[in-house]
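# Residue-level structural notes
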Amino acid sequence: MNVYDSERMADVLAPLGYGLSDSPDDADMVILNTCHIREKAAEKVYSDLGRLKPHQQKKAEDGSRMIIAVAGCVAQAEGDEIMARAPQVDMVFGPQTYHRLPEMVSKAKRAVGEKILDTDFPAEDKFDHLPEERVRKGEVTSFLTIQEGCDKFCTFCVVPYTRGSEFSRPATTVLQEARRLVADGVREITLLGQNVNAYHGEGAEGREWGLARLCRELAEIDGLERIRYTTSHPRDVDDALIAAHGDLPKLMPYLHLPVQSGSDRILEAMNRKHTADDYRRIVDRLRTARPDLALTSDFIVGYPGESDQDFADTLKLVTDIGYAGAFFFKYSERPGTPAASLREQVDDAVKSERLSALQQLLESQQEAFNASVVGKTMPILLEKPGKHENQLVGRSPYLQPVHLDIPENRHASMIGTVIDCKISSLSGHSLFAVPIDDAESGTDSATRHNTARPNPSEPSSGQERISA
Ligand code: SAM
Ligand code: SF4
């Protein structure tokens, strides 16, 4: 979401004459768009600010000025502290006020030394005040925020405090934005939200639409080949969404569905409001609707009070589900969250040990999953030229990077198309493939979508199921 927000900030600043720069060397403004989810992410802000100092000084010596801004969730949570700790910062603003950047910039420019702090949760909807989204040159994939904030208050998480309460954008505006993106060449849209499947935006007839209905309407857009969404919460996976996975070939069979822990005791302490078996049942139903569905998840190890048995339950759940990828974190105390004040904090050495065991298991599952697609035929969305001459890079339905040998003179006509490819080999996390048909064949992607693809819940021949 921060990537999406940063792009929108660039859109807001473009009419003021600002363009993107590859490095801070000679920049007129540097915006650090920050994440507060874990302590390490928040600390990075201060080290990045330190690294910017010489650039800012050089700019001043040359008789000009570098405005420095801290945006995002660290700004929201620690605005006053940033101002006190880093006097070089001119502007601090949260994730809900960046549409006000033009006023902030003009104030900051008027007076050197004037500090701007805007961490409101404004009554106005920032999306109503943002300019139209611009598709950056040649991009065929795009994020689209449809929902923000969270009312679930997991006991470890800062999001409800930094992003505010849950809010869904009207479906009509989302569809308009999606159509504009597709008209500009985008072929894959990833819908974003902190709890994207809690989406409940107003639809055309004034009725509330859930995520499933929104996906169905998006799937009607000609030229849009692929739809994804992230991040979803197990509690909000409803029947309609499961059915949409079965019915919509454009909805990619790759789902990020964080579970955090496999222990019911810890899930309850986390206020997740689902058990490990609830999660297993949801996954079963999703896989029944879409047998080639692959899953990824987030895990936290060392939540306060987590015992060896609780952790063993997590390993068991991972083994039962079989993931295609995952993010895993040591529990990080976040100020102001209920879990931070619990006394039974887990020793860091224990957290490290558990993290490494979990990492080993999840990485072996990911490797096995990647290996299982070799020899299979998959539709690949071609995105951009590769690093080597005569090479194109695309993505599989499972977001795996796929490299193809294609003569350079055909790149322009092929980027943005989906073609069936036979996966020939795997190196690290990258796949190599050969197009099946003539790349310019007129077959539509929905037809091609039915090509035999790997069933991630069944290991391919020669591949063992991974166990802890
Ligand atoms: N809404 C999503 C959900 O409920 O699963 C998660 C969004 S959160 C921004 C991304 C991930 O960060 C979480 O799934 C969790 O694994 C991790 N996370 C959040 N707070 C954390 C904390 N205090 N310590 C470690 N990891 C944390
Ligand atoms: Fe954070 Fe997700 Fe829980 Fe909301 S549902 S509090 S975003 S972890």
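Residues numbered from 1 in each chain as written. Chains lettered and ligands numbered in written order. Predicted model: local features only at pLDDT ≥ 70, side-chain atom pairs only at ≥ 80, totals over all residues. Heavy atoms only, no water.

## Section: the overall build of the protein chain
Threshold: Counting from the N terminus, the helices are the DSSP runs of H or I reaching at least four residues and the strands are the DSSP runs of E reaching at least two. Radius of gyration means the value over C-alpha atoms here, while the globule rule gives 2.2 Å times the residue count to the 0.38 power. Whether a residue is buried, partly exposed or exposed follows from its accessible area with a 1.4 Å probe, protein chains only, as a fraction of its type maximum: under 20%, in between, or over 50%, in that order. Residue contacts are defined here by distance: any two heavy atoms, one from each residue, within 4.5 Å place the two residues in contact. Note on charges: Lys and Arg go in the positive column, Asp and Glu in the negative column, and His and the chain ends are not counted at all. Here the site of a charge means atom NZ of a Lys, CZ of an Arg, CG of an Asp or CD of a Glu.
The number of helices and strands found in the protein chain is 14 helices and 19 strands. Its C-alpha atoms give the protein chain a radius of gyration of 23 Å, within 12% of the compact-globule value 23 Å for 468 residues. Counting only C-alpha atoms and orienting by the principal axes, one finds that the protein chain spans roughly 65 × 60 × 50 Å. Taking all 468 residues of the protein chain together, 53% fall into the buried category. Expressed as a percentage of contacts within the protein chain between residues at least 6 apart in sequence, the contacts between residues at least 24 apart total 73%. The averaged location of the 73 negative side-chain charges in the protein chain is 1 Å from the averaged location of its 55 positive side-chain charges.

## Points about the sheet that holds strand β12 (residues 254-256)
The pairing of strands in a sheet happens through backbone hydrogen bonds and is either parallel or antiparallel. Just so we agree on the cut-off: Here, a strand pair is defined by DSSP locating no fewer than two bridges between the strands. Think of each axis as a best-fit line through the C-alpha atoms, taken over the contacting stretch in the case of a helix, with angles from 0 to 180 degrees between the N-to-C directions.
Read across the sheet, three strands follow the order β12-β13-β14 without closing on themselves; strand pairing throughout is parallel. Each end of this open sheet is capped by a strand with a single partner; those strands are β12 and β14 (325-330). Along the sheet, successive strands turn relative to each other by an average axial angle of 10 degrees, direction set aside. Where β12 meets strand β13 (residues 294-301), three bridges bridge the pair, whose relative direction is parallel. Looking at β13, one finds that H256 is bridged to T296.

## Some details on the packing of aromatic side chains
What counts here: For Phe, Tyr and Trp, rings pair up if their centres lie within 6.5 Å, where Trp contributes its six-membered ring, and each pair is then called stacked (planes under 30 degrees apart), edge-to-face (over 60) or tilted (otherwise). A ring has a charge above it when a Lys NZ or an Arg CZ is no more than 6 Å from the ring centre and no more than 35 degrees off the ring normal.
In the structure shown here, the tally under the stated rule is six aromatic pairs. Look at F127 and F167: their rings are 6.5 Å apart centre to centre, the planes differ by 10 degrees, and that puts the pair in the stacked class. One end of the pair, F127, is in the loop between β4 (116-118) and β5 (141-145); the other, F167, is in strand β7 (residues 167-168), and 40 residues separate them in sequence. By relative accessible area, F127 is classed as buried at 11%. Considering the side-chain rings of Y303 and Y331, the 5.6 Å spacing of their centres and the 70 degrees angle between planes classify their relative orientation as edge-to-face. With a gap of 28 residues between them, Y303 in the loop between β13 and α11 (308-321) and Y331 in the loop between β14 and α12 (348-372) connect regions that are remote in the sequence. For Y331, a relative accessible area of 4% corresponds to the buried category. Pairwise contacts between aromatic rings join Y254, F369 and Y398 into one cluster. Stacked on the ring of F329, the Lys or Arg R38 has its end atom at 3.6 Å from the ring centre.

## Re the site of ligand 2
As a reminder, the rule being used: A molecule or strand has a residue near it when one of that residue's heavy atoms lies within 4 Å. Amino acids are sorted into nonpolar (Ala, Val, Leu, Ile, Met, Phe, Trp, Tyr, Cys and Pro), charged (Asp, Glu, Lys and Arg) and polar (every other residue, Gly among them).
The full set of residues close to ligand 2 is C150, K152, F153, C154, F156, C157, V159, P160, N195, H233 and R272. A breakdown of the residues in the shell around ligand 2 according to their chemical character gives seven nonpolar, two polar and two charged.

## Comments concerning the pattern of salt bridges
The line we're drawing: Salt bridges are defined by distance alone: a side-chain nitrogen of Lys or Arg within 4 Å of a carboxyl oxygen of Asp or Glu.
The full count for this structure, using the stated rule, is 31 salt bridges. Across the salt bridge formed by E148 and K126, the nearest N and O atoms sit 2.6 Å from each other. On the criterion of sequence distance, the pair formed by E148 in strand β6 (residues 147-148) and K126 in the loop between β4 and β5 is long-range, its members being 22 residues apart. Comparing E148 with K126, the two get one shared label, buried. Between K330 and D348 there is a salt bridge whose closest N-O contact spans 3.4 Å. Here D348 lies in helix α12 and K330 lies in strand β14, a separation of 18 residues in the sequence. On the basis of relative accessibility, which here comes to 27%, the residue K330 falls in the partly exposed class. Given a relative accessible area of 45%, D348 falls into the partly exposed group. A network of salt bridges, in which partner residues are shared, links D5, K126, E148 and R163.

## Observations concerning the packing of helix α6 (residues 171-183) against helix α7 (residues 211-219)
Axis angle and axis distance: for two packed helices, these are the angle between their axes and the distance between the axes, and together they describe the pair. Under the convention used in this document: Left-handed describes a crossing whose near helix is turned anticlockwise from the far helix by less than a right angle; the clockwise case is right-handed.
Their axes nearest at 11 Å, the elements α6 and α7 cross at an angle of 30 degrees. For the pair α6 and α7, the sense of crossing is right-handed. Contacts between α6 and α7 involve A171, V174, L175 and A178 from the former and L214, E217 and L218 from the latter. Each residue belonging to the contact of α6 with α7 can be placed in one class, and the counts come to six nonpolar, no polar and one charged.

## Some words on the nonpolar core
Quick note on the threshold: To qualify as a nonpolar core, a set must consist of buried Ala, Val, Leu, Ile, Met, Phe, Trp, Tyr and Cys residues joined through side-chain atoms within 4.5 Å.
L191, L214 and Y323 are the most contacted members of the largest nonpolar core, which totals 54 residues. Those residues in contact with Y323 that sit more than four places away from it in its chain are V259, Y279, L295, T296, S297, F299, L317, V318, L362, Q365 and Q366. Core analysis: the second largest hydrophobic core is formed by 20 residues, F93, M104, I116 and L130 among them.

## Topic: the site of ligand 1
Test applied: In protein, a polar contact means a hydrogen-donor-capable atom and an acceptor-capable atom, both N or O and within 3.5 Å, with residues adjacent in sequence counting only if both atoms are side-chain atoms; elsewhere, any N or O pair within 3.5 Å suffices. Only the protein chains shown count as cover for residues, and all accessible areas are computed by the Shrake-Rupley method using a 1.4 Å probe.
Every one of the 17 residues lining ligand 1 counts as a neighbour, but Q194, Q260, R272, D298 and S332 are closest to it. With respect to ligand 1, the side chain of R38 contributes an N or O atom lying 3.2 Å from an oxygen atom. In this structure, S332 approaches ligand 1 through a main-chain N or O atom, which is 2.8 Å from a nitrogen atom. In the complex, 89% of the free accessible area of ligand 1, which totals 570 Å², lies under the protein chains. If you list the elements that add at least two residues to the shell around ligand 1, you get β13 and β14. The class makeup of the residues in the shell around ligand 1 is seven nonpolar, five polar and five charged.

## Brief notes about the pairing of β14
On a regular strand, each side chain points to the face opposite its neighbour's, so the side chains alternate between the two faces of the sheet. As a reminder of what qualifies: By the criterion used throughout, a crossover qualifies as right-handed when its path from the first strand across the helix to the second strand runs clockwise, the strands pointing away from the viewer.
Both β13 and β14 contribute to a ladder of six bridges, which runs parallel. Across the sheet, I300 pairs through a bridge with F329, a residue of β14. Note on the crossover from β13 through α11 to β14: the handedness is right-handed.

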